Amino acid sequence: MKIAIVGTGYVGLVSGTCFAEMGTEVFCVDVNEKKIADLNQGILPIYEPGLEEMVNRNQKAGRLHFVTDLASCLNEVEVVFSAVGTPPDEDGSADLKYVLEVAHTVGRYMNKYLTVVTKSTVPVGTAKKVRQAIQEELDKRGSDLTFDVASNPEFLKEGAAVKDFLSPDRIVVGVESERSKELMTRLYRPFLLNNFRVIFMDVPSAEMTKYAANAMLATRISFMNDIANLCEIVGADVNMVRKGIGTDVRIGHRFLYPGCGYGGSCFPKDVKALVKTAADHGYPMRILQAVEEVNEQQKSILFRKVDKYFKGDLKGKRVAIWGLAFKPETDDMREAPSLVVIQKLLEAGCEVSAYDPVAMDESRRRIGNTIRYAKDIYDAVMDADVLLLITEWKEFRMPSWQVVKKLMANPLVIDGRNIYDPAEMAEYGFDYHCIGR
Ligand code: UDX
């Protein structure tokens, strides 16, 4: 089977490569010529564990192609996936410009039946617009070709994208016809040979499922952050509370970790978009509004803790930061809490030195040399008055605290992810603060 995937961002590149890994011939299409030229040289636009090797292997095997021209491969493929970006508009709604551009191109150049699948996260009702855009182009050409639209939201997590795609919890597909249902079944069967968990449904439900899943996960995080903050006030330990509630199978253990706020390309954007969609229909999503508000507050919690410790006297204070990416195993800094903390520290007159295993180039692109980029974790804490742990990378979990303490000017550690043991930190002589404990 041959397919095309438009957009070589996280979702497009990972899906395309994983489909190729399972034997499908894949054309990954992107209008960005530099990106495609790089990919053809084996240079990837993102860091994702295991991806580079898989791209190279499938490229060599002739199953994975990187091209700029969608029109030229439309004759060869049976399915076109659209995995282009849906950046938030100023008002928070998803911008469908790129999604509809793909649809128009398909309509203009298709020469046989196609199933056009939207993989990007798009508001309910988008499939209809995609259908209209394709039909409009076919009508202009006087063509009576038929096609189907489908919705196949992607649930992969950055940092574990390849693993998630290869062994998904479930696959959600919204279809309008038996024909595209059969195509999608063929395409996904290799991923779920022993346990076929493709949930077929109508298209609007599939579109909604993605938003509801991300909104629910974001809600869990904001809820736990609120509980953690209250734990601090009343003298409870959120870690114990988390374990206590997680053992209820209805609640479950995962995604209950308080921290310094959620970031990334999905949760913030999708929560805003869902609030906006609901508002457009005259329905206020009160819970999600609060989820967003709590998260905004939580992103500056580390700054507030520093500010409180130094009683507002932050001018000239040296702050070390471990972790810039919005979460471990990625170089992505979109909506990262580190950006909020750094901005506030700089505004207050602090000097910041930071270390991240992979996101430092990304940080330079975003905030330039407003901070010092350290060689390693120890270089970062040199002469520091406080160390902030923002991203829980594995290499931050067991530092030599003796060395850290010697290097710091003041033994103060504020842990935004609760990865250290308060008793142990006290033994090493640190003044240790964390979230909700
Ligand atoms: C998320 C969804 O998990 C995924 O299904 C969807 O396809 C895209 O959005 P991703 O953005 O890659 O994936 O990251 P995820 O691992 O879900 O983490 C999101 C944010 O939540 C991170 O900032 C993370 O630090 C934070 N988080 C996560 C917490 O603060 N606490 C938790 O318990 C879990």
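These figures come from a predicted structure and were not determined experimentally.

Each value, and the rule that gives it
- Every chain's residues receive numbers from 1 upward, in the order its sequence appears when written.
- Only residues with pLDDT of at least 70 are given local features in this predicted model, and only at 80 or more are side-chain atom pairs given and counted; all residues enter the totals for whole chains, interfaces and linings.
- Secondary structure elements are taken from DSSP: a helix is a run of H or I of four residues or more, a strand is a run of E of two residues or more, and numbering for both begins at the N terminus.
- Values of the radius of gyration come from C-alpha atoms, whereas the globule rule sets the reference at 2.2 Å times the count of residues to the power 0.38.
- Backbone-placed C-beta atoms define the burial measure: a residue is buried with 20 or more other C-beta atoms within 10 Å of its own, exposed with 12 or fewer, and partly exposed in between.
- Here the contact rule is simple: place C-beta atoms from the backbone, and any two residues whose C-beta atoms are within 7 Å are in contact.
- A fitted line through C-alpha atoms serves as each axis, taken over the contacting stretch for helices, and the angle formed by two N-to-C directions is quoted from 0 to 180°.
- Angles below 35 degrees are treated as roughly parallel, those above 145 as roughly antiparallel, those between 65 and 115 as roughly perpendicular, and all remaining angles as oblique.
- If you view the pair so one helix is near and one far, a crossing is left-handed when the near helix is turned anticlockwise from the far one by less than a right angle, and right-handed when it is turned clockwise.
- Gly counts as polar in this scheme, as do all residues outside two lists: the nonpolar Ala, Val, Leu, Ile, Met, Phe, Trp, Tyr, Cys and Pro, and the charged Asp, Glu, Lys and Arg.
- Any residue whose C-beta atom, as set from the backbone, lies within 6 Å of a molecule or strand is reported as near that molecule or strand.
- Segment limits for the domains were obtained from an automatic or database-derived domain assignment.
- Strands qualify as paired when DSSP identifies two bridges or more between them.
- If you view a crossover with the strands going away from you and the path from the first strand over the helix to the second runs clockwise, you call it right-handed.
- UniProt positions are given in the numbering used here, feature names are shortened, and annotations may be inferred rather than shown by experiment.
- Residue count minus one, scaled by 1.5 Å, sets the expected span of a helix.

A. Region of interest: the overall build of the protein chain. Along the backbone of the protein chain there are 18 helices and 14 strands. In terms of C-alpha radius of gyration, the protein chain reaches 24 Å, essentially the compact-globule figure of 22 Å for 437 residues. Each principal axis of the C-alpha atoms in the protein chain carries an extent, and together these give about 75 × 50 × 45 Å. By residue count, 45% of the 437 residues in the protein chain fall in the buried class. Summarising the internal contacts of the protein chain: among those between residues at least 6 apart in sequence, 72% fall at separations of at least 24.

B. Representation of the environment of Gln298 within the structure. In this fold, Gln298 is placed in helix α12 (residues 286–299). Each C-alpha atom, one on Gln298 and one on Gly368, is 25 Å from the other, the two residues being 70 residues apart in sequence. Excluding residues that lie within four positions of it along the chain, Gln298 makes contacts with Asn225, Cys260 and Gly261.

C. The packing of helix α9 (residues 203–234) against helix α11 (residues 267–280), seen in detail. Where α9 contacts α11, the two axes come as close as 9 Å, and the packing angle between them is 115 degrees. Of the possible angle classes, the one that applies to α9 and α11 is roughly perpendicular. Relative to α11, the crossing made by α9 is left-handed. Between α9 and α11, the residues in contact are Tyr211, Asn214, Ala215, Leu217 and Ala218 and Phe267, Asp270, Val271, Ala273 and Leu274, respectively. Of the residues in the contact of α9 with α11, the class split is eight nonpolar, one polar and one charged.

D. Structural context of the site of the ligand. Among the 19 residues in the neighbourhood of the ligand, the closest are listed as Glu158, Tyr257, Tyr262, Gly264 and Cys266. Per-element tally for the shell around the ligand: the top contributor is α9, with three residues. Its residues assigned to classes, the shell around the ligand comprises 11 nonpolar, four polar and four charged. A domain-level breakdown of the shell around the ligand finds at least three residues from each of domain 1 (2–200) and domain 2 (211–297).

E. Representation of the pairing of strand β2 (residues 25–29). Among the five residues of β2, four are classified as buried, and the element is accordingly described as predominantly covered. Across five bridges, strand β1 (residues 2–6) lies against β2 in parallel orientation. Within β2, the residue paired with Ile5 across the bridge is Cys28. Read as a crossover between parallel neighbours, the route from β1 over helix α1 (residues 10–21) to β2 is right-handed.

F. Structural context of the environment of Val122. Note on placement: Val122 falls in the loop between β5 (114–118) and α6 (126–140). For Val122 and Asp95, which are 27 residues apart along the polypeptide, the C-alpha to C-alpha distance reads 8.7 Å. Each residue touching Val122, except ones within four places of it in the same chain, is listed here: Thr86, Ala94, Leu96, Val99 and Glu207.

G. Region of the structure containing the domain arrangement of the protein chain. Splitting the protein chain by domain gives domain 1 (2–200), domain 2 (211–297) and domain 3 (300–433). Distance from the C-alpha centre of domain 1 to the C-alpha centre of domain 2: 30 Å. The interface of domain 1 with domain 2 comprises 10 residues on the first partner and 10 residues on the second. Taken together, the residues of the side of domain 1 that touches domain 2 sort by class into five nonpolar, three polar and two charged.

H. Just unusual backbone geometry, in detail. A positive phi is found at Glu335, a non-glycine position, where the angle reads about 55 degrees. Within the element layout of this structure, Glu335 appears in the loop between β9 (318–322) and α14 (337–347). Its identity as a non-glycine residue notwithstanding, Asp383 has a phi of 60 degrees, on the positive side. Relative to the helices and strands, Asp383 is located in the loop between α16 (377–381) and β12 (386–389). A count of 12 C-beta atoms within 10 Å places Asp383 in the exposed class.

I. Here's a closer look at the UniProt feature "domain: UDP-glucose/GDP-mannose dehydrogenase C-terminal" (unreviewed entry) in the protein chain. The residues that UniProt annotates with the feature "domain: UDP-glucose/GDP-mannose dehydrogenase C-terminal" (unreviewed entry) are residues 320–422. Note that residues 320–422 is 31% helix and 17% strand, and that its end C-alpha atoms are spaced 19 Å apart.

J. α9, seen in detail. The terminal C-alpha atoms of α9, which comprises 32 residues, lie 47 Å apart, in line with the 46 Å expected from a rise of 1.5 Å per residue. One or two positions beyond α9, positive phi appears at Gly235, with a value near 80 degrees.

K. Here's a closer look at the packing of α9 against α12. Viewed as axis vectors pointing N to C, α9 and α12 meet at an angle of 55 degrees, and their least axial separation amounts to 9 Å. With respect to their mutual orientation, α9 and α12 come out oblique. For the pair α9 and α12, the sense of crossing is left-handed. For the pair formed by α9 and α12, the contact residues are Ala215, Ala218, Thr219, Ser222, Asn225 and Asp226 on the first element and Ile287, Leu288, Val291, Val294, Asn295 and Gln298 on the second. Classifying every residue of the contact of α9 with α12 by side-chain character gives six nonpolar, five polar and one charged.

L. Fine view of the sheet that holds β9. Reading across the sheet, the six strands line up as β11-β10-β9-β12-β13-β14 and stay open at both edges, with parallel pairing between neighbours. Looking at which strands have only one partner, the edges of the open sheet turn out to be β11 (372–373) and β14 (431–433). Taken together, the five bridges between β9 and strand β10 (residues 351–355) define a ladder with parallel strand orientation. Residue pairing for β10: Arg318 is matched across the bridge by Glu351.

M. Expanded view of the pairing of β5. Extensive coverage of β5 is indicated by the burial of five of its five residues. Side-chain alternation along β5 places Leu114, Val116 and Thr118 on one buried face and Thr115 and Val117 on a second face that is also buried. The pairing of strand β4 (residues 79–82) with β5 spans four bridges and is classified as parallel. Looking across to β5, one finds that Val79 is bridged to Thr115. Taken together, β4, helix α5 (residues 97–109) and β5 constitute a β-α-β crossover, and its handedness is right-handed. Sheet analysis places β5 next to strand β6 (residues 147–151), joined by five bridges and oriented parallel. Paired with Leu114 across the bridge in β6 is Phe147. Running through α6, the crossover from β5 to the neighbouring parallel element β6 is right-handed.

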